[in-house]
Amino acid sequence: GVAVLTTSGSVRGWQKGDTTDVASDLEYDVISITNNEYGFGALKSDGSAVFWGTSSVSAIPGDTEKAKLTSGCSKIVGGFKSFAV
């Protein structure tokens, strides 16, 4: 899949990077995005993080197709099937 961070701070995704389920969380204030083999993570300027993709193999927090950490994040690093925050 593909996910793109726009100059306005929003994220757009296609194929397995599709952001439909998390679109409202990715409309503004995204400062960086990262990926692993099966999912994506977006860091927002307020210290929150949003994850989406295939949870069963991408280690999305909460083991769902989407997840959000509401505060305390400063960096997201994608591994093969994991994320470190």
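Please read all numbers here as calculations on a predicted model, not as lab measurements.

Caption draft 1: Main features of the packing of aromatic side chains. Scanning the model with the defined rule gives two aromatic pairs in all. Relative to Trp52, the ring of Phe40 has its centre 5.5 Å away and its plane inclined at 15°; by these criteria the two rings are stacked. Separated by 12 residues along the polypeptide, Phe40 in strand β4 (residues 39-44) and Trp52 in strand β5 (residues 49-53) bring together distant segments of the chain. Comparing Phe40 with Trp52 shows no difference in burial state: the two are buried. Relative to Phe83, the ring of Phe51 lies with its centre 5.2 Å away and its plane at 55°, an arrangement referred to as tilted. Of the two residues, Phe51 sits in strand β5 while Phe83 sits in strand β8 (residues 83-84), which places them 32 residues apart along the sequence. Taking NZ or CZ as reference, Lys44 lies 4.6 Å from the ring centre of Tyr28, over its face.

Caption draft 2: A look at the pattern of salt bridges. Inspection of the entire model under this criterion finds one salt bridge. Among the ionic pairs, Lys68 bridges to Asp25, the shortest N-O distance being 3.5 Å. With a gap of 43 residues between them, Lys68 in strand β6 (residues 66-69) and Asp25 in the loop between β2 (11-14) and β3 (30-35) connect regions that are remote in the sequence. Residue classification places Lys68 among the partly exposed positions, given a relative accessible area of 41%.

About the thresholds
- Here, residues in each chain are numbered from 1, in the same order as that chain's written sequence.
- Under the rules for a predicted model, residues below a pLDDT of 70 receive no local features and side-chain atom pairs below 80 are neither given nor counted, while totals for whole chains, interfaces and linings still include all residues.
- Remark: hydrogens and water are excluded; side-chain values derive from all non-hydrogen atoms of the structure.
- We call Phe, Tyr and Trp rings a pair once their centres come within 6.5 Å, taking the six-membered ring for Trp, and we label the pair stacked below 30 degrees between planes, edge-to-face above 60, and tilted otherwise.
- Secondary structure follows DSSP: runs of H or I at least 4 residues long count as helices, runs of E at least 2 residues long count as strands, and numbering of each begins at the N terminus.
- Buried means the residue's accessible area, taken with a 1.4 Å probe over protein chains only, is under 20% of the maximum for its type, while exposed means over 50%, and partly exposed covers the values in between.
- Look at NZ for Lys and CZ for Arg. If either is within 6 Å of the ring centre and within 35 degrees of the ring normal, a charge sits over the ring.
- Between Lys or Arg on one side and Asp or Glu on the other, a salt bridge is scored when a side-chain nitrogen of the former is within 4 Å of a carboxyl oxygen of the latter.

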